[in-house]
Amino acid sequence: MCGIVGYLGKNRDAYPILIKGLKRLEYRGYDSAGVALINEDGDLSVYKTKGKVADLEEFCTDKDITGHIGIAHTRWATHGEPSSVNAHPHYSQSKNLAIIHNGIIENYAEIKHNLMEKGIEFQSETDTEVLVQLIDYIQTKKNLSLLMAVQVALHQVIGAYAIALLDKRHPDTIIAARKQSPLVVGIGDGEFFLGSDASPIIEYTDKVVYLDDGNIAVMKLGEELKVVNILNEKLSPEVQTVDINLGQIEKGGYPHFMLKEIFEQPACLTNCMRGRINVEHDRVTLSALIDHRSKLLNAKRIIIVACGTSWHAGLIGKQMIETFCRIPVEVEYASEFRYRNPVVGESDVVIAISQSGETADTLAAVELAKSRGAFIYGICNAIGSSIPRATDTGTYIHVGPEIGVASTKAFTGQVTVLTMFALALADAKGTVSHDEYVKTVKELAQIPAMIKDLLKVNDQIADMARTFTYARNFLYLGRGFSYPVALEGALKLKEISYIHAEGYPAAEMKHGPIALIDSDMPVVAIATHNGMYEKVRSNIQEIKARQGRVIAIVTKGDTTISKIADAVIELPDTMDCLEPLVATIPLQLLAYHIAVCKGKDVDQPRNLAKSVTVE
Ligand code: F6R
């Protein structure tokens, strides 16, 4: 998830427009930033640096930043660690072209190999540089226009992209193209703007064209916007009027990043599974498992270390790995593990889970396990962060930057990766039947669509939340795979609404917490049609007998529990082991809406930070 900005005009300087635009898009990524400008003498300059847009501005203080045409980028690394070299824009070898890109070129390794055989030298580790080198190579070799070279190159490319290109020989033109990554063109009076969303544009014009997949836009001074497809067929894009304020659009129209991130989950999980789940062939492939097959296959024990929400994902991972792979799994708070001289050694695999990849306790637990000879596997979101760099191997969750402090999409991304890990390892070990494996892979691939449908429950939960804002305490109950979901639901509520909440395995209620039940204590009970249904239903009856108020999370079509519960939220029917991926969604929404009703700062709750780099 990177941010793209472009400007082309006659009278305004491009640089300030680009920098302002990048700042608006910084939520999309902020590990490095860069700008390419063509000045009045026709020089194409690229300035880029590791860090945020503010670092780029500082870097540019003594540079020539003149010119009325430019493109700029803020990066969230996917291929190649965050560094100045890997930052965009990237030049082609001739330095005639500069490109910025948001997305992933999946077949970049193959294209790179071919180009290297033809003598092209690469400066960075990115998939993006491969694309600009390919375009330049095609353009030169076949003596094509830039547009045609782009079309030919995009024919060869597999993956997702939003790109923008400058050619120093044509200082009056920007070419942009999109497939599966957003791109908006702003049409001003004799000038063009470009953005990953409209936020860098709306200050200057309200006339925009949202490019569709397969569109290539040619913005040329003195001409109308031209949009064609890869076959050079002319298209007639719809010019729309945007009527939104800046505050909204930076959050993609959502009032809070948290809500936006909850709603992004179908797309995020699709990204997370992309290239890993092959539904046609009913297969899960994780490169880490291929590269380190024997180490993982021979693990005597797996220890999962993590904190907070990531620890909850670990609890689900434990059940998943034990169920499918028959390997014993321990789940440890990283903060405890690091200080208690744990028994860990060479026959252990330690899985470290962290959204930020920077959590100090998790990093310290990784270092400790490493020093004892354990093999370390990272499951992280932030590319190139400290934990993935400290591990032996791992799998990125690829859910994009998470800005809301309360983790939402990272949790479901972590659970998705753990599910794929368990399935792929079980298949390799032969501990899962072929039928079970295929059934689970197929069902996992359906989860994004299920979540998309489930999100329609948002309005119902918003209404429901108003009825429960009075509460000072909440209890969350679940069993089996749903127990960690109960913990996660409780954590979400307490961190953003400041209501005290506890998650419990439902059967433990009678061993203590039942004493708390009264009409002031709402209980969220996950009571879906899995093996524990009857038992959780009895728990609900015990709560009702004590005047407790119950919000029941049930399987669609359940008619029994709706008769006894005070409120019911229906989930799509799925396999037990995949249920956390859907059951979490209404709990995220419930916490969100209760916090909103209480007027709390949802995205930046008090005392919390997104990345806990201190003990
Ligand atoms: C809760 C939350 C935290 C984090 C925890 C670990 O919503 O966000 O509990 O899960 O601080 O952070 P990471 O995953 O970055 O290691």
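Data block above holds the structure.
Please read these numbers as outputs of a predicted model, since none were measured by experiment.

Draft legend 1. Fine view of the site of the ligand. The ligand sits among 15 residues. The nearest are Ser310, Ser354, Ser356, Thr359 and Glu495. Here an oxygen atom of the ligand sits 3.0 Å away from a polar atom, N or O, in the side chain of lysine 492. Alone, the ligand offers 400 Å² of accessible surface; in the complex the protein occludes 89% of this. Of the residues assigned to the shell around the ligand, the class counts are five nonpolar, eight polar and two charged. Residues lining the shell around the ligand come from more than one domain, with at least three contributed by each of domain 2 (249-432) and domain 3 (457-597).

Draft legend 2. Inspection of the packing of helix H8 (residues 265-273) against helix H15 (residues 409-429) at higher detail. Two elements in contact, H8 and H15, have axes whose closest approach is 10 Å; the angle formed by their N-to-C orientations is 30°. At the point where H8 passes H15, the crossing takes the right-handed sense. Between H8 and H15, the residues in contact are Gln265, Cys268, Leu269, Cys272 and Met273 and Lys409, Thr412, Gly413, Thr416, Val417 and Met420, respectively. Class assignment of the residues belonging to the contact of H8 with H15 gives a composition of six nonpolar, four polar and one charged.

Draft legend 3. Summary view of the packing of aromatic side chains. Tallying each qualifying case throughout the model produces seven aromatic pairs. Note on tyrosine 7 and phenylalanine 193: the rings are 5.1 Å apart at their centroids and 50° apart in plane angle, and the pair reads as tilted. A residue pair is termed long-range when its members are at least 10 positions apart, and tyrosine 7 in strand E1 (residues 3-8) and phenylalanine 193 in strand E10 (residues 192-195) qualify at 186 residues. Residue classification places tyrosine 7 among the buried positions, given a relative accessible area of 0%. By relative accessible area, phenylalanine 193 is classed as buried at 1%. On the basis of an interplanar angle of 35° and a centroid distance of 5.6 Å, the ring pair of tyrosine 254 and phenylalanine 263 is categorised as tilted. A residue is classified by how much of its surface remains accessible, and tyrosine 254, at 25% relative accessible area, is partly exposed.

Draft legend 4. Representation of the sheet that holds strand E25 (residues 522-527). Pairing in this open sheet of five strands is parallel, and the strands run E24-E23-E25-E26-E27 from one edge to the other. At either end of the open sheet lies a strand with only one pairing partner, and these are strand E24 (500-505) and strand E27 (567-571). On average, each strand axis in the sheet is tilted by 15° relative to the strand beside it, whichever way the strands run. Looking at chain direction, strand E23 (residues 473-478) and E25 are connected through three bridges and run parallel. By the bridge assignment for E25, leucine 477 is matched with alanine 525.

Draft legend 5. Layout of unusual backbone geometry. Residue histidine 88 is joined to proline 89 through a cis peptide bond whose omega torsion reads 0°. Examined against the element boundaries, proline 89 turns out to sit in the loop between strand E4 (69-75) and strand E5 (90-91). Located in the positive-phi region is tyrosine 498, a residue other than glycine, with phi close to 65°. Along the chain, the position of tyrosine 498 falls in the loop between helix H18 (482-497) and E24. Of note in this structure, glutamine 547 is not a glycine but carries a positive phi near 65°. Relative to the helices and strands, glutamine 547 resides in the loop between helix H19 (533-545) and strand E26 (549-555).

Draft legend 6. Representation of the state of the cysteines. Under the definition given, this model contains zero disulfides. The closest cysteine sulfur to the non-disulfide-bonded cysteine 380 is located on cysteine 307, 12 Å from its own sulfur.

Draft legend 7. Region of the structure containing the environment of lysine 118. As for its placement among the helices and strands, lysine 118 is situated in the loop between helix H3 (108-117) and helix H4 (127-142). Look at lysine 118 and you get partly exposed, because its relative accessible area is 49%. Each C-alpha atom of the pair lysine 118 and leucine 493 lies 57 Å from the other, and the pair is 375 residues apart in sequence.

Draft legend 8. Layout of empty space enclosed by the protein. Evaluation of the coordinates by the stated rule reveals two cavities of 30 Å³ or more. By volume, the largest cavity amounts to about 80 Å³. In terms of lining, the largest cavity is formed by 14 residues, of which the most central are Cys2, Thr78, His88, Gly103 and Thr128. At the level of secondary structure, the elements contributing two or more residues to the lining of the largest cavity comprise E4, strand E6 (97-105) and H4. Per-element tally for the lining of the largest cavity: the top contributor is E6, with three residues.

Draft legend 9. Local environment of a negative patch on the surface. Negative charge collects at one region of the surface, where Asp13, Glu40, Asp41, Asp43 and Asp64 lie side by side. Looking at the element boundaries, aspartate 43 is found in the loop between strand E2 (32-38) and strand E3 (44-50).

What counts as what
- Residues numbered from 1 in each chain as written.
- Predicted model: local features only at pLDDT ≥ 70, side-chain atom pairs only at ≥ 80, totals over all residues.
- Heavy atoms only, no water.
- Near = heavy atom within 4 Å.
- Polar contact = N/O pair within 3.5 Å; in protein donor to acceptor, adjacent residues only side chain to side chain.
- Areas by Shrake-Rupley, 256 points an atom, 1.4 Å probe, with all protein chains shown as cover.
- Nonpolar A, V, L, I, M, F, W, Y, C, P; charged D, E, K, R; others polar.
- Domains from an automatic or database assignment.
- Axes fitted to C-alpha atoms, helices over the stretch in contact; angles between N-to-C directions.
- Helix = DSSP H or I, 4+ residues; strand = E, 2+ residues; numbered from the N terminus.
- Left-handed = near helix turned anticlockwise from the far one by under 90°.
- Contact = heavy atoms within 4.5 Å.
- Phe/Tyr/Trp six-rings, centres within 6.5 Å; stacked < 30°, edge-to-face > 60°.
- Buried < 20%, exposed > 50% of the residue type's maximum accessible area, 1.4 Å probe, protein only.
- Pairing = 2+ DSSP bridges.
- Disulfide = S-S within 2.5 Å.
- 1 Å grid on protein atoms, 1.4 Å probe; cavity = no way out; pocket = protein on both sides within 12 Å on 5 of 7 lines; lining within 4 Å.
- Points joined across faces, edges and corners; volume = space filled by probe spheres on them.
- Patch = residues over 30% accessible without salt bridge, like charges linked within 9 Å, V, L, I, M, F, W, Y side chains within 5 Å.
- Salt bridge = Lys/Arg side-chain N within 4 Å of Asp/Glu carboxyl O.
- Lys, Arg positive; Asp, Glu negative; His and termini not counted.
- Charge placed at Lys NZ, Arg CZ, Asp CG, Glu CD.

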